[in-house]
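Understanding the architecture of this molecule
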Amino acid sequence: MGRLFGTDGVRGVANESLTPELALQIGRAAAMVLLRESNSAKPTILIGKDTRASGDMLEAALTAGFTSVGCNVLSVGVVPTPAVAYLTVEYGCEAGVMISASHNPCEYNGIKIFQKTGYKLDDSIEEEIEAIILDGAEEIPVMLGGDVGNSLYCKTAVADYVKHVVSTASVRFDGLKIALDCANGSAAVCAKEIFTQLGAKCLMLSDTPDGVNINDNCGSTHPEELMSFVKDAGFDLGLAFDGDADRMLAVDENGELVDGDKVIAICADRMKREGTLKKNTAVVTVMSNMGFFKFCSEQGIECAKTAVGDRYVLERMLRDGYNIGGEQSGHVIFLDYASTGDGELSGVQLVETVVKSGRKLSELARIMKVYPQVLINVRVSDEGKKKYNNDEYIISAVQQAEMELNGEGRVLVRVSGTEPLIRVMLEGSDIDMITKLGNEIADVVKQRLS
């Protein structure tokens, strides 16, 4: 991780660590770095946001930064993160910016930057921006008079994005009843339109954002209400998005959760049978369930593993020419259609697989056995995040747990890229054992790093 940029942009508590002053600096420095090779006298930078109350504040600061360096700004309002990636390319913009803290509570916010290709910034570009802001590595030009940029608002952004996502489906969803949990976030502006255009009957949950209720006991991080509703109301399935709609978890007709691993498995299996699974490979992170790796082995699908973070999944896909990958948390990348994780597009592809199969989602989900998994998040100090990897007591606790599992499970301890947390994850066939071992490791982490 960099000094400002984490695994998914710059993120922090809005107006505390992520201030308007910092957003202004990011806008000015990012414009300078991204526009060095631009052929346009006044390049355009697209800005979108989710539904957090602090979004307007940060957008104003970013806009001031961009325009002060001579860029025009095209504001597209509340849209999903993948819409920013898509529209940046579609509208021919020099870069795109999404203001969002994804699945985090409303007090957090973030700044995520996309290149003109629709892909997230490379580490080297982020480091250049950090050096300008933190070290004064270069002097940022100041534009005067008519050289200052302008700000415009685009009214067609949501409709253009909806049209794109709908176009990725090759079948209609007529007759299906689908519940959509929008997490009171970005999906609230477009999810219903996408799935009703494809013929589904939709019922909406958590689609009334008020600036503070984003991700509040709803969406992909809290799918319990959706799980109960789908089962009790007799719906065919449900889809839960996070605050900026770049991730999606599904719920089958029995109210059972279908996570990102299963979504990838279901869709990769269909793609293999259709001959569209490039190089016969799916890409996942080391956090994927053991059951996914066994699924790949049983189905004759190659599995490429990366570090945690959808950016690393994407890098591997681009490097080696693969077209499906993602994370257990619901970030799924269909590279044939998108340059980043897209929750609504993933939902469309999953429902398309259900329709084509003529089977229920619960039946499709049986393609992969899920091994019991325990995930414990331990809140630590900022200094603790830096020290955990070399702490001999933590290393010893992990080794002891691995000895007790004796090859019948695995242990993974890692630092969160976006929050002050150490994540302790164990998998195995004995839930009681991995719970006990997980708590023992978490206690050591808490004692050493809090």
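A quick note: this is a predicted structure, and the numbers were derived from the prediction, not measured.

Another aspect to go through is the overall build of the chain. When helices and strands are counted, the chain shows 15 helices and 18 strands. Seen through its C-alpha atoms, the chain measures out along the principal axes to roughly 70 × 60 × 40 Å. For the chain, with 450 residues in total, the buried portion stands at 60%. Expressed as a percentage of contacts within the chain between residues at least 6 apart in sequence, the contacts between residues at least 24 apart total 72%. Accessible area for the chain stands at about 18,300 Å²; split by element, carbon and sulfur atoms hold 48% of it.

In this section: the sheet that holds strand β7 (residues 177-181). The 5 strands are arranged β8-β7-β9-β10-β11 in an open sheet whose pairing can be described as mixed. Both edges of this open sheet fall to β8 (201-205) and β11 (257-258), since each of them pairs with a single strand only. Two elements, β7 and β8, share 5 bridges in a ladder whose sense is parallel. Bridge pairing links L180 to M204 in β8. Running at roughly 165° to strand β9 (residues 237-241), helix α11 (residues 343-357) makes contact with β7, β9 and β10 (248-251) of the sheet.

On inspection of all chains with the given rule, the structure shows 30 salt bridges. The partner of R36 in a salt bridge is E138, and the shortest N-O contact between them spans 2.4 Å. Residue R36 is found in the loop between α1 (20-34) and β2 (44-49), and its partner E138 is found in the loop between α4 (123-135) and β6 (151-153); the two are separated by 102 residues along the sequence. R36 sits in the partly exposed class, given a relative accessible area of 42%.

Looking now at helix α15 (residues 431-449). For an α-helix, 3.6 residues make a turn, and residues three or four places apart therefore share a direction. With 19 residues, α15 should cover 27 Å at 1.5 Å per step; its first-to-last C-alpha distance of 26 Å lies within 8% of that length. Within α15 the residues assigned to the buried category are I434, L437, G438, I441, A442, V444, V445 and L449. Take α15 and look down its axis: the buried residues cluster within an arc of 160°, on one side only. Turned more than 90 degrees away from the buried face of α15, the exposed residues are D432, K446 and Q447.

Taken N-terminus to C-terminus, the directions of helix α5 (residues 157-167) and α11 make an angle of 30°; their axes are 9 Å apart at the nearest point. Accordingly, the angle class assigned to the pair α5 and α11 is roughly parallel. α5 and α11 meet at a crossing whose hand is right-handed. Facing α5, whose interface residues are Y161, H164 and V165, α11 presents E344, L345 and V348. Its residues assigned to classes, the contact of α5 with α11 comprises 4 nonpolar, 1 polar and 1 charged.

On to the packing of helix α14 (residues 392-405) against α15. Relative to each other, α14 and α15 sit at 175°, their axes nearing to 9 Å. Between α14 and α15, the angle is such that the two are roughly antiparallel. Contact residues: Y393, I394, A397, V398, A401, E404 and L405 in α14; M433, I434, K436, L437, I441, V444, V445, R448 and L449 in α15. Here the residues of the contact of α14 with α15 sort into 13 nonpolar, no polar and 3 charged.

This paragraph deals with the environment of N289. If you trace the backbone, N289 turns up in the loop between β12 (281-285) and α9 (290-299). Taking the relative accessible area as the measure of exposure, N289 reaches 1% and is therefore buried. For the pair N289 and K369, spaced 80 residues apart in the sequence, the C-alpha separation amounts to 9.1 Å. Discounting chain neighbours no more than four positions away, the residues touching N289 are D261, Q328, M368, K369, V370, Y371, Q373, R410 and E427. For N289, the side chain forms a polar contact with the main-chain oxygen of Y371, separated by 2.8 Å.

Taken as a whole and assessed by the stated rule, the structure comprises 4 aromatic pairs. A ring pair is formed by F292 and F293, whose centres lie 6.3 Å apart and whose planes are at 85°; its orientation type is edge-to-face. On the basis of an interplanar angle of 50° and a centroid distance of 5.6 Å, the ring pair of F292 and F295 is categorised as tilted. Linking F292 with F295, this pair stays in helix α9, spanning 3 residues, or about one helical turn. Among the aromatic residues, ring-to-ring pairing joins F292, F293 and F295 into one connected group.

Calculation criteria
- Residues numbered from 1 in each chain as written.
- Predicted model: local features only at pLDDT ≥ 70, side-chain atom pairs only at ≥ 80, totals over all residues.
- Heavy atoms only, no water.
- Helix = DSSP H or I, 4+ residues; strand = E, 2+ residues; numbered from the N terminus.
- Buried < 20%, exposed > 50% of the residue type's maximum accessible area, 1.4 Å probe, protein only.
- Contact = heavy atoms within 4.5 Å.
- Areas by Shrake-Rupley, 256 points an atom, 1.4 Å probe, with all protein chains shown as cover.
- Pairing = 2+ DSSP bridges.
- Axes fitted to C-alpha atoms, helices over the stretch in contact; angles between N-to-C directions.
- Salt bridge = Lys/Arg side-chain N within 4 Å of Asp/Glu carboxyl O.
- Expected span 1.5 Å × (residues − 1).
- Arc of directions from axis to C-beta.
- Parallel < 35°, antiparallel > 145°, perpendicular 65-115°, else oblique.
- Left-handed = near helix turned anticlockwise from the far one by under 90°.
- Nonpolar A, V, L, I, M, F, W, Y, C, P; charged D, E, K, R; others polar.
- Polar contact = N/O pair within 3.5 Å; in protein donor to acceptor, adjacent residues only side chain to side chain.
- Phe/Tyr/Trp six-rings, centres within 6.5 Å; stacked < 30°, edge-to-face > 60°.

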